[in-house]
Amino acid sequence: MTVTLDVAEGVGTLRLDRPPMNALDVATQDRLRELAEEATRRDDVRAVVIYGGERVFAAGADIKEMQNMDHTAMVLRSRGLQDAFTAVARIPKPVVAAITGYALGGGCELALCADYRIAADNAKLGQPEILLGLIPGAGGTQRLPRLVGPSKAKDLIFTGRMVRADEALAIGLVDRVVPAAEVYEQAHTWAAKLAQGPAVALRAAKEAVDVGLETDIDTGLAVERNWFAGLFATEDRERGMRSFVEEGPGKVKFS
């Protein structure tokens with residue numbers, strides 16, 4: 001299998017496994033979508049780590065496979081490509097990308113689908129599609145500017161240059177840089193902590209933020225308001241408030 005889903009301590013690890021560089025061919029894209037949808041459905045998966053292994057996250061699309069595609073073939077395939085990444089972005093649970101080595105092209109776009117990105121100190125990220133006479137096709141032109149701002153995104157997309165971990169951190173492309181040997185451990189720790197949190201409230205928070213970024217503020221506030229009120233019907237809300245009143249903040253254990 002080119003992608004696997006392993007679950008431990010409430011954390012599902014989506015592991016890319018297509019040596020040597022985890023090139024994202026059509027079969028890998030389709031498998032990624034299937035497992036992202038499975039992670040969405042499974043109650044025992046409460047948070048997700050996306051990981052490519054110790055050496056590389058994902059070096060991008062399979063160029064040899066794409067080279068044989070003409071316009072008609074890509075018209076038919078491009079929706080499937082985007083759907084695979086969108087399935088990851090829409091997992092309604094906290095998602096962290098554990099980035100080692102290269103995260104280029106589709107690899108960078110996959111990292112953009114996470115809620116939080118932890119990178120190795122030797123990581124390199126970028127959108128080099130322009131060097132092939134193309135543009136990013138798996139969400140890079142949309143998710144990257146929403147994350148780092150339009151001018152920084154255009155710099156990366158127009159030039160196709162790679163950025164090292166320290167620059168990626170400075171521009172907001174990643175959220176934490178750690179020694180390479182610690183990337184997966186720290187990503188799993190981040191996810192495991194949230195896996196112990198209130199699942200419905202975390203889902204609500206993610207949806208409110210993501211929907212709000214895509215719409216006007218009044219619509220975003222309406223989404224927030226509806227979720228906020230709706231959470232008063234949950235056991236976790238009752239448990240959290242009771243613990244706060246009786247024991248003080250930060251001591252609640254959610255169901």
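Preceding block: the structure.
The rules behind each value
Residues numbered from 1 in each chain as written. Predicted model: local features only at pLDDT ≥ 70, side-chain atom pairs only at ≥ 80, totals over all residues. Heavy atoms only, no water. Helix = DSSP H or I, 4+ residues; strand = E, 2+ residues; numbered from the N terminus. Buried < 20%, exposed > 50% of the residue type's maximum accessible area, 1.4 Å probe, protein only. Pairing = 2+ DSSP bridges. Axes fitted to C-alpha atoms, helices over the stretch in contact; angles between N-to-C directions. Expected span 1.5 Å × (residues − 1). Contact = heavy atoms within 4.5 Å. Phe/Tyr/Trp six-rings, centres within 6.5 Å; stacked < 30°, edge-to-face > 60°. Salt bridge = Lys/Arg side-chain N within 4 Å of Asp/Glu carboxyl O.

Q: Is there a simple way to think about unusual backbone geometry in this case?
A: Negative phi is the rule for most residues except glycine; trans is the rule for most peptide bonds. Omega for the bond connecting P19 with P20 falls within 30 degrees of zero, at 5°, which places this linkage in the cis form. Positive phi values are uncommon outside glycine, yet E9 reaches one of about 55°. Within the secondary structure layout, E9 lies in the loop between β1 (3–8) and β2 (11–16). For E9, a relative accessible area of 59% gives the class exposed. In this model, N22 sits at a positive phi of 55°, which is unusual for a non-glycine residue. In this fold, N22 is placed in the loop between β2 and α1 (26–41).

Q: Please explain the sheet that holds strand β7 (residues 124–126) as it appears in this structure.
A: In any sheet, the strands associate via hydrogen bonds between backbone groups, in a parallel or an antiparallel arrangement. As summarised here, the arrangement of the three strands in space is β5-β7-β8, forming an open sheet in which the pairing is mixed. For this open sheet the edge positions go to β5 (102–104) and β8 (162–164), each flanked by a neighbour on one side alone. Adjacent strand axes in the sheet meet at a mean angle of 20°, parallel and antiparallel pairs treated alike. The pairing of β5 with β7 spans three bridges and is classified as parallel. Within the sheet, the bridge partner assigned to Y102 lies in β7 and is K124.

Q: When you look at α1 in this model, what are you seeing that I'm missing?
A: Residues separated by three or four positions in an α-helix point in the same direction, a consequence of the helix having 3.6 residues per turn. Taking 1.5 Å of rise per residue, the 16 residues of α1 would be expected to cover 22 Å, and the 23 Å separating its terminal C-alpha atoms lies within 8% of that figure. Here α1 has its buried residues at V26, T28, Q29, L32, L35, A36 and A39. Where α1 is buried, its residues contact β1, β2, β3 (47–51), α2 (63–67), α3 (71–89) and α4 (106–112).

Q: So what exactly am I meant to see when it comes to the packing of aromatic side chains here?
A: Aromatic rings considered in pairs are described by the distance between their centres and by the relative angle of their planes. This model, assessed by the stated rule, comprises three aromatic pairs. Ring geometry for Y51 versus Y184: centroids 4.7 Å apart, planes at 35°, classification tilted. Separated by 133 residues along the polypeptide, Y51 in strand β3 and Y184 in helix α8 (residues 183–195) bring together distant segments of the chain. Overall, the relative accessible area of 29% leaves Y184 in the partly exposed class. Each ring, one from F228 and one from F232, has its centre 5.6 Å from the other, and the planes form 70°; the classification is edge-to-face.

Q: Help me understand the pattern of salt bridges in this model?
A: Any two side chains of opposite charge can pair, given that their charged atoms come close. Counting across every chain of the model gives 14 salt bridges. With a closest N to O distance of 3.1 Å, D62 and R18 form a salt bridge. Of this pair, D62 sits in the loop between β3 and α2 while R18 sits in the loop between β2 and α1, placing them 44 residues apart in sequence. The partner of R161 in a salt bridge is D155, and the shortest N-O contact between them spans 2.8 Å. Taken together, the shared-partner salt bridges connect R18, D25 and D62 into one network.

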